[in-house]
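Residue strings, one per chain:
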Amino acid sequence: MRLLPLAMLMVPALGLAGGGYVTLPGGSYKSVLAYEDTGGTVTLAPFELMKRPVTNAEFLKFVRRLPQWQRDRVPSVFAESRYLAHWASATALGSAALPEQPVVMVSWFAASAYCEAAGARLPTWNEWEYAAAADATRADARADPAWREQILSWYAKPSNQPLAEVGQSPANHYGVQDLHGLVWEWTEDYASMLVSADNRTQQEQDRLQFCGAGAIAMDDRENYAVLMRVALLSSMEAANLTSNLGFRCARSIDEGTP
Amino acid sequence: MKILIMLLALALMVATAEVRCAEAALPQQSVYQLGDSFSDHNGQDFALASRRGKPQLVAMFYTSCRYVCPLIIDSAKAVEHSLDADQRQHLQVLLISMDPDRDDVAALKATAQARRLDSSRWTLARTSRDGVRRVAALLGVRYRALADGEFNHTSALVLLDIDGRVLARTEKLGTAPDPAFMQQVRAALGSQHATAPHAGSAPD
């Protein structure tokens, strides 16, 4: 992290943007997380999102450029010990981590550092949810039972199969791929999602860590796939990682773009 | 004789190098691995690693908060009050704002003065938005900005050892300190006395 200002100057040479970014127009949409203060309606500024999740090959470039993120050097406070454990070595991928597979086994700190080095950031939950509401033709396909069924069928698959390569799924309405069906993805504010409106008063302290959901109306109980994602992300700590959790980066339109 | 002196000199150099190395290398689990730049309520910039050497009581808050945040300061004060004067001198308190947009140095300073916080032990600090996210993640504090400018947040006092490792945390706030947490605070101050008997004589 200390080297990041230097790293940002190297962005053009780094090649960390992979499949590149697509622009999403933003606007208002109904989030599955209906917080008391927002009622669930979210307004987003236009932003850019990586078309595909970050791959092993791209993450390898990153750790070669910023060796403090190699698995034998990263402090345990930023990534638990299994960080990139499926790679052949600290600087080689090997047969269990193919170049075009999405990178997984990365902590939130590592994912954030990658995006920062790429002149970007992790998407917010709202940005991710908004992008993921689209199917191939509609900006918001969430009310379509057939589409929901398709997403849920992914969650029903066992997760011990090797991950597919990125970019195999059809692009959605915005041109984004792999939001469903490949990996879970970190978001910038994953840690804030279940913090409830109740915990500003001491009386509520005991309830706040895991019972924050009390302040979120699950208006959309049918949207089980998205709620599962919320549950997974909010159970993570920032140094945690799993074999199905990857990420992609986002950029605000008014900053970080040439 | 000459050789002996050279050997002695060499041994001394090696020993010095080892000491320097031990000072420089932060533990893997140290929160002080975070490289972000912070500013204190007097406008001085610092890195978290500069807090090395004394145990720290750390919490996150924001100055415009009306409910829990005053209680966070009260709770940290309560921890201090349960210590004897000597122990108190060896504990530093670091409160980090989760609201960098509004909590500039002046706002932090005003709160430090209004709450009569002793600057020799208490530091109110701010960092960038990204830095807030990172330090909150390290401290296990979760927060979300609300539409009305307030924040939802978990409230915790976190005890760091002299090298920035998390020793203990409590979410039991109030003017009567959490006994289990106090025990850890005293233990940290005790072990610090044992390992650094001259720490008190160094000029601050």
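Not measured: the values here are computed from a predicted model.

Our next topic: the overall build of chain B. What chain B contains, in helices and strands, is six helices and nine strands. Going through the 204 residues of chain B one by one, you find that 49% of them count as buried. Within chain B, counting contacts between residues at least 6 apart in sequence, those at least 24 apart form 71% of the total. When the accessible surface of chain B is totalled, it reaches about 9,800 Å², and 57% of it is carbon and sulfur.

What follows is about the sheet that holds strand E2 (residues 45–47) of chain B. Residues and elements named next belong to chain B. Strand order in the open sheet made by the seven strands is E2-E1-E5-E4-E3-E8-E9, with mixed pairing throughout. Bordering the open sheet on either side are E2 and strand E9 (166–170), each of which pairs with just one other strand. Across the sheet, the axes of successive neighbouring strands diverge by a mean angle of 30°, strand direction being ignored. Sheet analysis places strand E8 (residues 157–160) next to E9, joined by four bridges and oriented antiparallel. Across the sheet, the residue bridging to Val158 is Arg169, located in E9. Taken strand by strand, helix H2 (residues 68–81) contacts strand E3 (56–61), strand E4 (92–97), strand E5 (122–126) and E8, and its axis lies near 170° from that of E3. Lying over the sheet, helix H5 (residues 129–139) contacts strand E1 (37–40), E3, E4, E8 and E9, oriented at roughly 125° with respect to E3.

Turning next to H2 of chain B. Relative to the 20 Å expected for 14 residues at 1.5 Å per residue, H2 of chain B spans 20 Å between its end C-alpha atoms, a close match to the ideal helical length. For H2 of chain B, the set of buried residues is Val68, Cys69, Leu71, Ile72, Ile73, Ser75, Ala76, Ala78, Val79 and Glu80 of chain B.

The next subject is the nonpolar core. Core analysis: the largest hydrophobic core is formed by 133 residues, its most contacted members being Phe59, Phe62, Trp69, Tyr83, Tyr114, Trp186 and Phe247 of chain A. Per-element tally for this core: the top contributor is helix H4 (residues 108–117) of chain A, with eight residues.

Glancing now at the interface of chain B and chain A. Chain B puts 31 residues into the contact, and the matching count from chain A is 30 residues. Counting each side, the surface lost to burial between chain B and chain A is near 2,800 Å², with a carbon and sulfur contribution of 52%. The largest per-residue losses of area from chain B upon contact with chain A belong to Arg134, Arg142 and Arg144 of chain B, which jointly make up 27% of the total buried on that side. There are three salt bridges connecting chain B and chain A. Here Arg134 of chain B and Glu116 of chain A are joined by a salt bridge, their closest N and O atoms 2.9 Å apart. Run the count over chain B and chain A and you get six residue pairs in polar contact (both at pLDDT 80 or more). Mapped by element, the contributors of at least two residues to the side of chain B that touches chain A are H2, H5, strand E6 (143–145) and strand E7 (151–153) of chain B. Top contributing element to the side of chain B that touches chain A by residue count: H5 of chain B, with four residues. Its residues assigned to classes, the side of chain B that touches chain A shows 14 nonpolar, nine polar and eight charged.

Take the confidence of the model for chain B next. When pLDDT drops low, the exact placement of atoms in the prediction is not to be read closely. Residue and element names in this part refer to chain B. Residues of chain B with pLDDT of at least 70 account for 82%, and the chain-wide mean is 86. This model gives residues 14–22 a pLDDT under 50, and the stretch forms one contact once residues within four places in sequence are excluded. Counted against residues more than four places away or in other chains, residues 194–204, with its pLDDT under 50, gives three contacts. Two numbers describe this predicted complex: its pTM, 0.85, and its ipTM, 0.83.

Attention now goes to the environment of Ser128 of chain B. Residues and elements named next belong to chain B. Position of Ser128 among the secondary structure elements: in the loop between E5 and H5. As for Ser128 and Asp101, which are separated by 27 residues in sequence, their C-alpha atoms are 8.6 Å apart. Among residues more than four places away in sequence, those in contact with Ser128 are Asp36 and Pro100.

Attention now moves to the state of the cysteines. All names here are of chain A. All told, the structure shown has one disulfide over all chains when counted by the stated rule. Each disulfide pairs two cysteine sulfurs, and for Cys115 the partner residue is Cys249, the sulfurs being separated by 2.1 Å. Around the S-S axis, the bridge from Cys115 to Cys249 shows a dihedral of about -85° and counts as left-handed. Pair noted here: Cys115 is in helix H4 and Cys249 is in the loop between strand E8 (245–246) and strand E9 (250–252), with a separation of 134 residues, a long-range link. The pair formed by Cys115 and Cys249 is uniform in burial state, with each residue classed as buried.

This brings us to the packing of H4 of chain A against H5 of chain B. At a minimum axis distance of 11 Å, the contact between H4 of chain A and H5 of chain B shows a crossing angle of 165°. With respect to H5 of chain B, the element H4 of chain A is oriented roughly antiparallel. Crossing geometry of H4 of chain A relative to H5 of chain B is assigned as left-handed. Between H4 of chain A and H5 of chain B, the residues in contact are Trp108, Phe109 and Glu116 of chain A and Arg133, Arg134, Ala137 and Leu138 of chain B, respectively. Of the residues in the contact of H4 of chain A with H5 of chain B, the class split is four nonpolar, no polar and three charged.

Calculation notes
- Residues numbered from 1 in each chain as written.
- Chains lettered and ligands numbered in written order.
- Predicted model: local features only at pLDDT ≥ 70, side-chain atom pairs only at ≥ 80, totals over all residues.
- Heavy atoms only, no water.
- Helix = DSSP H or I, 4+ residues; strand = E, 2+ residues; numbered from the N terminus.
- Buried < 20%, exposed > 50% of the residue type's maximum accessible area, 1.4 Å probe, protein only.
- Contact = heavy atoms within 4.5 Å.
- Areas by Shrake-Rupley, 256 points an atom, 1.4 Å probe, with all protein chains shown as cover.
- Pairing = 2+ DSSP bridges.
- Axes fitted to C-alpha atoms, helices over the stretch in contact; angles between N-to-C directions.
- Expected span 1.5 Å × (residues − 1).
- Core = buried A, V, L, I, M, F, W, Y, C linked by side-chain atoms within 4.5 Å.
- Buried area = accessible area lost by both parts, 1.4 Å probe.
- Salt bridge = Lys/Arg side-chain N within 4 Å of Asp/Glu carboxyl O.
- Polar contact = N/O pair within 3.5 Å; in protein donor to acceptor, adjacent residues only side chain to side chain.
- Nonpolar A, V, L, I, M, F, W, Y, C, P; charged D, E, K, R; others polar.
- pLDDT = per-residue confidence, 0-100.
- Disulfide = S-S within 2.5 Å.
- Parallel < 35°, antiparallel > 145°, perpendicular 65-115°, else oblique.
- Left-handed = near helix turned anticlockwise from the far one by under 90°.

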